[in-house]
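If you want the building blocks of each chain, they are given just below.
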Amino acid sequence: MVFAIDEINRNPDLLPNITLGFQIYDSCGNPLLALQGTLWMLTGQRKHILNYSCLRAGLLAGIVGDAGSLCSIPMARVLGLYRHPQISYFSTSPVLSDRNQFPSFFRTIPSDDFQSRGLAQLVVHFNWTWVGILAEDNDYGRHGAEILQKELHKAGACVAFSENIILNRADRNAPHIVQIMRNSAAVAVVIFGLDSHLVPLFDEIVRQNMTGKTFIASEAWSTSALLSADKYLKILSGTIGLAIYSGEMPGFKEYVNNAHPSNFPDDNYIKTFWATAFGCRWQGPEVLPGSWDNNTKSCTGTERIDSINGIYNDVSRPRFTYNVYQAVSAISVALHDLNTCLTPGGPFYRGTCSSVLDFQPWHNPVSICTPSCPSGFRKAAKEGQPACCFSCIQCSPGEITNQSDSVDCFKCPWNQWPNAEQNQCILKPTEFLSFEESLGSSLTVVSFILAAVPIAILLLFIYYRNTPIVKANNRSLSYLLLFSLTLCFLCSVAFIGYPTEIKCLIRQVAFGISFALCISCILAKTITVVVAFNATKPNSDLRRWVGPQLSYSVIGGSTFIQVFLCASWLIISPPASEFNIQSQPGLIILQCNEGSPFAFWCMLGYLGLLASISFIVAFMARKLPDSFNEAKFITFSMLAFLSVWLSFIPAYLSTKGKYMVALESFAILSSSFSLVFCIFFPKCYIILLKPEMNKKESLMGREASHRIKIKDT
């Protein structure tokens, strides 16, 4: 940079009577320091004052730098606020091409997009159709690998493997990567990465003595002196790649060889350079950075740079250096054009010009038909208009463009969705009814609490098992019904949490069989009442059906049909977990695909059939003159049960995502509780609060007692 400015100042034809000066600030590759240096340059003070300039002399014509994109991006956001020109010589991130986000950013190095396409063309040129890709796990590597894969697919080549070089691990994931390469038949391997980050990888390749691979290098390591060591020759022999353009700078070698600290007394950079190049140490109160000890020789200033032969004075193939030279030259040419501008031929309002000694940073040669299309839009040609005149059309839903003036939009991967500006693909949020969220945790707690209710009633019934109210209507059936109701409450928990394959297989089956067993018990209790009453009639054929075998036959037969339906469902078209990306755009719903909707509705319909039969039989038996008759309670329970599930069907069909699962879980809990409440709470009330009614005489009722009295008289 100093050489370029000195050359411009000595050129009488370029910016005559104007002298360029410079300031240098070392960001050390730290974005925070880069911002601090930017504000220092803008305000002219080490303690910067925002929106205020304290520059003592001259105008800030432009800023050259920073090197890495990580530092250039925050700099560009600040400098873009006031359109201060910024020219980077090594920032390759494609994001910086967006003129809407970074209106005053320029660079003298191509974007990574061009490199990725160039590497793809290089691979295709050699007819390599089976290629491996290694990339750093940062924006540079990930973006480069993504573009490369797309270009290779377009050309008909295939990617054998794509692995990340993990930077936060000391071994960079090298053992795993080498094993992948060893097991792959791909000979050509493209690598995106800095040379210093690749050392552990190539050390591991040397250690395992793996050969037979041809590496294709990105510009970040294709000309690396670090990887030119003898130990890598065997594995890197034949490596090809892309490199940054190297230009010529006449007079630069002589300038470097004639550099001396006495020419720059206030410049610590030249002193540090001198000490590093000659392995010496400057004497004096000021201690410069370095790893020198007391045995290090002192710098005398009589050393000659042209006497050494190494990286410190090798300017035969300048690459990054040449980019800096070009950046300074670009600024000088822009200032020269501004200096030679003549009104009314100027680029500003009504053809005016601006003075090179008094100009605003946003002063710039604009003459366009259509402004650039921002990211998120694509260019569309206007019929009958030249190519420079076009329309900007927003990308369709699900598509993005991440740079300005794109001709085409491209779709996001299936698990990603465009952001609001449609210039970046972001991961879609995933949704399922988890135990951690309030809805899922609430349903889980309620399920376990309600499951404890039939267990408590069962223990109560066992304790009072010899009382009339427990013995009424088949004590064993009551036990089995309470057990099945416990299962019904607990099966609702299977609908909550991550929908694994096992959970998807068992949850609907558990629900269907548990409820089939429950309703079969209720149906058996109702049929037992009807048969027992009619069997007391003279010459009744139903006498032989009176007994426990009838109840268990009803329960077994009814439950077996549901088991058969569920088993057929699991064999023919079993449920499975899936990622639903169709129901709600921008959201991935983790759900269970029921496999066969027909089987699901058959299972649910069979439960409805059992409940309907139980309701009809109980309704017909509600007025039978037997005080032990539960038909009235069963009628109410079945009415509540059917009401819940008839309301469930339209609500279920109109609900999506986790709320569909929550709705079914709620329907299971509410319908199960209605059965417990209607059938067992009246009995529990008598057992606990009205023990005097838990006697045979009390349960016989007034009508029966009256008949006995008349008979006795």
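Just above, that's the structure.
Residues numbered from 1 in each chain as written. Predicted model: local features only at pLDDT ≥ 70, side-chain atom pairs only at ≥ 80, totals over all residues. Heavy atoms only, no water.

Engineer: Would you mind showing me how to read helix H6 (residues 174-183) here?
Structural biologist: Among the residues of H6, those classed as buried are Ala174, Ile177, Val178 and Met181. Viewed along the axis of H6, the buried residues span an arc of 100 degrees, placing them on a single side of the element. Tucked into the core, H6 has its buried residues touching strand S4 (130-136), strand S5 (158-165), strand S6 (188-192), helix H7 (195-208) and strand S7 (214-217). (Buried < 20%, exposed > 50% of the residue type's maximum accessible area, 1.4 Å probe, protein only. Helix = DSSP H or I, 4+ residues; strand = E, 2+ residues; numbered from the N terminus. Arc of directions from axis to C-beta. Contact = heavy atoms within 4.5 Å.)

Engineer: What is the right way to read the packing of aromatic side chains from this model?
Structural biologist: Each aromatic ring pair is specified by the distance between its two centres and by the angle formed by the two planes. Within this structure, the stated rule accounts for 32 aromatic pairs. Here a set of aromatic residues connected by ring pairs shows up, and it is made of Phe511, Phe515, Trp569, Phe600, Trp601, Phe641, Trp645, Phe648 and Tyr652. The aromatic ring of Phe106 is capped on one face by Arg99, whose charged end is 4.9 Å from the ring centroid. The cationic tip of Lys379 hangs over the ring face of Phe390; the distance from NZ or CZ to the ring centre is 4.5 Å. (Phe/Tyr/Trp six-rings, centres within 6.5 Å; stacked < 30°, edge-to-face > 60°. Lys NZ or Arg CZ within 6 Å of the ring centre and 35° of its normal.)

Engineer: What exactly am I supposed to notice about helix H3 (residues 69-81) here?
Structural biologist: Residues lying three or four places apart along an α-helix face the same way, a consequence of the helix completing one turn every 3.6 residues. Look at H3: 18 Å from first C-alpha to last across 13 residues, which is about the 18 Å you get at 1.5 Å a residue. Restricting attention to buried positions, one finds in H3 the residues Ser69, Cys71, Ser72, Pro74, Met75, Ala76, Leu79 and Gly80. Its buried side turned inward, H3 meets helix H2 (31-43), strand S1 (63-64), strand S2 (86-88) and strand S3 (105-107). Following H3 by one or two positions, Arg83 adopts a phi angle in the positive range, close to 60 degrees. (Expected span 1.5 Å × (residues − 1).)

Engineer: How do you make sense of the sheet that holds S6 when you look at a structure like this?
Structural biologist: Taking strand neighbours across the sheet as the criterion, the five strands line up as S5-S4-S6-S7-S8 in an open arrangement whose pairing is parallel. The open sheet has two edge strands, S5 and strand S8 (240-241), and neither has a second partner. With four bridges connecting them, S6 and S7 associate as parallel partners. Bridging across to S7, Val190 finds its partner in Ile216. (Pairing = 2+ DSSP bridges.)

Engineer: Looking at this model, I keep getting lost on the packing of helix H14 (residues 475-491) against helix H19 (residues 658-689). Mind explaining?
Structural biologist: Each pair of packed helices can be described by the angle between their axes along with the distance between the axes. Here H14 crosses H19 at 155 degrees, and the two axes come no closer than 9 Å. Relative to H19, the element H14 lies roughly antiparallel. Once H14 is placed against H19, the crossing between them reads as left-handed. Facing H14, whose interface residues are Ser478, Leu481, Leu482, Leu485, Cys488, Phe489 and Cys491, H19 presents Ile668, Leu669, Ser672, Phe673, Leu675, Val676, Ile679, Phe680 and Lys683. Class assignment for the residues of the contact of H14 with H19 results in 13 nonpolar, two polar and one charged. (Axes fitted to C-alpha atoms, helices over the stretch in contact; angles between N-to-C directions. Parallel < 35°, antiparallel > 145°, perpendicular 65-115°, else oblique. Left-handed = near helix turned anticlockwise from the far one by under 90°. Nonpolar A, V, L, I, M, F, W, Y, C, P; charged D, E, K, R; others polar.)

Engineer: Is there a simple way to think about the pattern of salt bridges in this case?
Structural biologist: Opposite charge on two side chains allows them to pair when their charged atoms are near. Inspection of every chain in the model, using the stated rule, returns twelve salt bridges. Between Arg304 and Asp306 there is a salt bridge, with the nearest N and O atoms lying 2.6 Å from each other. The salt bridge partner of Arg507 is Glu594, with a shortest N-O separation of 3.5 Å. Here Arg507 is found in helix H15 (residues 501-535), whereas its partner Glu594 is found in the loop between strand S17 (588-593) and helix H17 (597-620), with 87 residues between them in sequence. Neither residue differs from the other here; Arg507 and Glu594 are each classed as buried. What you see here is one network of salt bridges that share partners, running through Arg117, Glu151 and Lys154. (Salt bridge = Lys/Arg side-chain N within 4 Å of Asp/Glu carboxyl O.)

Engineer: Just to check I follow, could you spell out the sheet that holds S2 for this structure?
Structural biologist: Sheet strands pair by backbone hydrogen bonding; their relative direction is either parallel or antiparallel. Strand order in the open sheet formed by three strands is S1-S2-S3, with parallel pairing between adjacent strands. Each end of this open sheet is capped by a strand with a single partner; those strands are S1 and S3. Here S2 runs beside S3; their pairing, made up of three bridges, is parallel. Within the sheet, the bridge partner assigned to Gln86 lies in S3 and is Phe105.

Engineer: Explain the state of the cysteines here, please?
Structural biologist: Structurally, a disulfide amounts to a covalent bond that connects the sulfur atoms of two cysteines. Enumeration over the complete set of coordinates arrives at six disulfides. A disulfide bridge connects Cys412 with Cys425, and the sulfur atoms are separated by 2.0 Å. Across the disulfide from Cys412 to Cys425, rotation about the S-S bond amounts to roughly -90 degrees, and the bridge is consequently left-handed. Taken together, the residues Cys412 in the loop between strand S12 (410-411) and strand S13 (416-418) and Cys425 in strand S14 (residues 425-427) connect sequence positions 13 residues apart. When its relative accessible area of 12% is taken as the criterion, Cys412 is described as buried. Cys425 sits in the buried class, given a relative accessible area of 19%. (Disulfide = S-S within 2.5 Å.)

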